[in-house]
Amino acid sequence: GRIDFVSLMRLTILRSLSADARAGATMRPVSSLRAARLSLAAIALVTIALPVRADQDTGRTGAESGTGHAVVIGGALTGDNDAVWSRLVELAGGPGSRFVVFATASGNPERSASWVIENLRRRGAVAEHIPVAPRIEGIDLAREVANPEWIDKVRAARGVYFSGGWQERIVDTLAPGGQSTPLLEAIRDVYRSGGVVAGSSAGAAIMSATMIRDAEDVMGVLKGTIREGKEIGPGLGFVGEGLITDQHFLRRGRIGRLLPVMVKTGYVRGLGVEENTAAIVRGNAVEVVGAGGALYVDLEGAKSEPTAGAFNLRGARFSYLDRGDRLDLATGAVTPSAAKLAGTKLDWRSPDFKPSLEKAPFHLDVLGHWTIVFAMNELVDGQATEVRGLAYDARPARDDPRPDLGFEFRLYKGDGTLAWYSDASGADAYTITDVYLDVTPVRVAQPLYGPWPAR
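Residues numbered from 1 in each chain as written. Predicted model: local features only at pLDDT ≥ 70, side-chain atom pairs only at ≥ 80, totals over all residues. Heavy atoms only, no water.

K.L.:
Would you explain the pattern of salt bridges in this entry?
P.N.:
Opposite charge on two side chains permits them to pair, given that their charged atoms come into close proximity. Under the defined criterion, the tally for this structure stands at 31 salt bridges. Here Asp 214 makes a salt bridge to Lys 230, at a shortest N to O gap of 3.1 Å. With Asp 214 in the loop between β9 (210-212) and α9 (218-222) and Lys 230 in the loop between α9 and β10 (232-234), the pair connects residues that are 16 residues apart, well separated along the chain. Classification of Lys 230 as partly exposed rests on a relative accessible area of 35%. Here the residues in one salt-bridge network are Arg 314, Glu 386, Arg 388, Glu 408, Arg 410 and Asp 438, joined through shared partners. (Salt bridge = Lys/Arg side-chain N within 4 Å of Asp/Glu carboxyl O. Helix = DSSP H or I, 4+ residues; strand = E, 2+ residues; numbered from the N terminus. Buried < 20%, exposed > 50% of the residue type's maximum accessible area, 1.4 Å probe, protein only.)

Shown next as structure tokens:
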């Protein structure tokens with residue numbers, strides 16, 4: 001059945017937390033403020049009114065006037081993922097197309113670059129390493145980012161690939177102090193001339209103008225730790241000013257960091273890409289290819305309560321894009337893959353709707369592996385109108401000033417909530433549009449449980 005995964009993922013069914021905690025002062029809408037660029041350091045997380053970034057007023061989210069493809073790969077890309085590797089070569093012009101590989105983020109640049117080059121060559125590309133990385137011994141980075149030899153090689157290419165590692169190494173090398181180097185300008189020339197700029201993991205993080213820099217502690221970010229130069233910082237902006245990206249997204253529960261970062265920085269459009277999966281962005285068009293999917297977050301119209309004392313959100317909208325699905329960033333419209341369109345449409349308002357699940361489970365760890373999408377699946381393929389879960393620290397650090405702070409995630413149906421289901425690939429696969437989300441701060445007992453008293 002199409003909801004069989006529930007029995008595997010369900011831990012314990014709990015009563016839903018009281019909705020009374022969500023009652024309070026008037027919420028402030030996302031679109032209530034429209035500003036040019038927001039100072040990241042000057043905006044207090046709990047008082048932000050979620051302004052829309054000025055560049056989004058135009059509806060354009062593609063990088064400047066470029067016509068190239070920005071390929072955001074969610075990390076952990078395998079060598080046998082032919083859908084992604086072959087598509088990269090195809091976008092760059094097909095067999096014989098030239099790629100340059102930057103392993104700038106890697107702790108072992110030569111090894112990382114060699115693996116990428118091998119996989120590109122297996123698909124017919126001509127690829128070579130540009131050895132500009134902090135972890136290459138004896139290198140003078142300031143000289144190499146202006147080296148005419150490397151600049152010429154980049155400009156002769158139709159594809160640029162950034163490997164994984166530490167994303168700050170890429171930005172600090174190619175744009176030290178926020179200043180674009182000649183080597184970065186050559187990469188931008190490839191993009192502006194219609195080429196491909198791709199990146200996996202750390203290479204994906206740099207794709208947005210604001211980068212999630214070093215924010216491994218998802219709960220820490222959710223609790224409000226978002227510092228310029230630490231958790232966030234400037235990226236290279238190949239997907240444009242209006243979209244922020246994140247990677248390793250579903251496996252590592254990073255919805256818990258993307259939402260507060262979006263609120264902090266004023267983004268209303270976010271895209272979290274799962275591992276071994278690529279989101280191909282060209283202007284306002286997004287296509288998902290590979291083994292997994294991507295979660296699109298739209299905060300247009302969402303609201304935040306400034307007096308709540310912690311991160312909170314009401315009316316965020318999620319769409320889940322599976323492989324083969326497409327998204328128009330300008331309108332938010334999702335086009336399911338051909339397999340989904342040939343499958344089952346799930347419209348909870350239709351008299352013909354036959355849900356597979358009568359009762360919605362309560363998720364004790366909503367930031368768990370793929371849990372947010374499982375909850376969305378349960379919602380659109382179930383009888384219940386909402387699904388809830390908790391995000392909290394079961395073992396908070398000793399120096400955590402708010403160890404009992406947790407968050408209730410409430411997913412619910414609304415206008416535009418639709419899904420398409422297919423099992424043509426032998427596994428349950430969903431495309432989902434416009435699921436709504438509220439996030440409410442709650443107090444979680446510490447410890448959460450204790451010994452059962454003996455009689």
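K.L.:
So what exactly am I meant to see when it comes to the packing of aromatic side chains here?
P.N.:
The relative placement of two aromatic rings is captured by the distance of their centres and the angle of their planes. Here the structure, examined in full by the defined rule, presents 8 aromatic pairs. A network of ring pairs unites the aromatic residues Trp 85, Trp 115 and Tyr 161 as a single cluster. Across the ring face of Phe 238, the terminal group of Arg 188 is positioned such that the distance to the ring centre comes to 5.2 Å. Over the face of the ring belonging to Tyr 412 we find Arg 410, whose NZ or CZ atom lies 4.1 Å from the ring centre. (Phe/Tyr/Trp six-rings, centres within 6.5 Å; stacked < 30°, edge-to-face > 60°. Lys NZ or Arg CZ within 6 Å of the ring centre and 35° of its normal.)

K.L.:
Is there a simple way to think about the environment of Pro 361 in this case?
P.N.:
Looking at where Pro 361 falls in the secondary structure, it is placed in the loop between β20 (344-346) and β21 (362-363). In this structure, the C-alpha to C-alpha distance between Pro 361 and Val 387, residues 26 residues apart in sequence, is 6.9 Å.

K.L.:
In this structure, what is going on with the nonpolar core? I would like to understand it.
P.N.:
Inside soluble globular proteins, nonpolar side chains tend to come together where they are buried. Core analysis: the largest hydrophobic core is formed by 55 residues, its most contacted members being Leu 259, Leu 299, Phe 318, Ile 372, Phe 407 and Phe 409. At 7 residues, helix α12 (residues 371-380) tops the list of elements feeding residues into this core. Residues within four places of Ile 372 in sequence aside, it is in contact with Leu 250, Ile 255, Leu 295, Phe 318, Val 366, Phe 409 and Leu 411. Ranked by size, the runner-up nonpolar core spans 47 residues in total, among them Ile 151, Ala 175, Val 197 and Ile 206. (Core = buried A, V, L, I, M, F, W, Y, C linked by side-chain atoms within 4.5 Å. Contact = heavy atoms within 4.5 Å.)

K.L.:
Is there a simple way to explain the sheet that holds strand β13 (residues 277-282) in this structure?
P.N.:
In any sheet, the strands associate via hydrogen bonds between backbone groups, in a parallel or an antiparallel arrangement. Strand order in the open sheet formed by 9 strands is β6-β5-β7-β8-β4-β13-β14-β18-β19, and the pairing between neighbours is mixed. Either end of the sheet is taken by a strand with one partner, and the two such strands are β6 (126-129) and β19 (334-335). The sheet contact formed by strand β18 (residues 326-328) and β19 spans 2 bridges and is antiparallel. The residue of β19 that forms the bridge with Leu 327 is Val 334. Sheet contacts for helix α7 (residues 182-192): β4 (69-73), β5 (98-102), β7 (159-162) and β8 (196-200); angle to β7, the most-contacted strand, approximately 125°. (Pairing = 2+ DSSP bridges. Axes fitted to C-alpha atoms, helices over the stretch in contact; angles between N-to-C directions.)

K.L.:
When you look at helix α3 (residues 109-122) in this model, what are you seeing that I'm missing?
P.N.:
Every α-helix winds through 3.6 residues per turn, so residues three or four apart in the chain are directed the same way. The terminal C-alpha atoms of α3 lie 20 Å apart, and with 14 residues this matches the ideal 20 Å at 1.5 Å per residue to within 8%. Looking only at α3, the buried set comprises Pro 109, Ser 112, Ala 113, Val 116, Ile 117, Asn 119 and Leu 120. The buried residues of α3 occupy one face: seen down the axis, they fall within an arc of 165°. Turned more than 90 degrees off the buried face of α3, the exposed positions are Arg 111, Arg 121 and Arg 122. Each element contacted by the buried residues of α3 is listed here: α2 (82-91), β5, β6 and β7. (Expected span 1.5 Å × (residues − 1). Arc of directions from axis to C-beta.)

K.L.:
Would you take a moment to explain the environment of Ala 394 for this structure?
P.N.:
Following the sequence through the fold, Ala 394 ends up in the loop between β22 (386-391) and β23 (405-412). For Ala 394 and Leu 448, which are 54 residues apart along the polypeptide, the C-alpha to C-alpha distance reads 7.0 Å.

K.L.:
Just checking my understanding: could you explain the pairing of strand β12 (residues 269-273) for this structure?
P.N.:
Along any regular strand the residues' side chains alternate between the sheet's two faces. The buried fraction of β12 amounts to 5 of the 5 residues, a majority that puts the element mostly inside the structure. In the sheet, strand β11 (residues 244-246) pairs with β12 via 3 bridges, with the strands oriented parallel. For Ile 244, the partnering residue across the bridge sits in β12 and is Gly 270. Crossover handedness for the path β11 to helix α10 (residues 255-265) to β12: right-handed. As paired strands, β12 and strand β15 (residues 293-298) are joined by 5 bridges and run antiparallel to one another. Bridge pairing in β15 links Gly 272 to Leu 295. (Right-handed = clockwise from strand over helix to strand, strands pointing away.)

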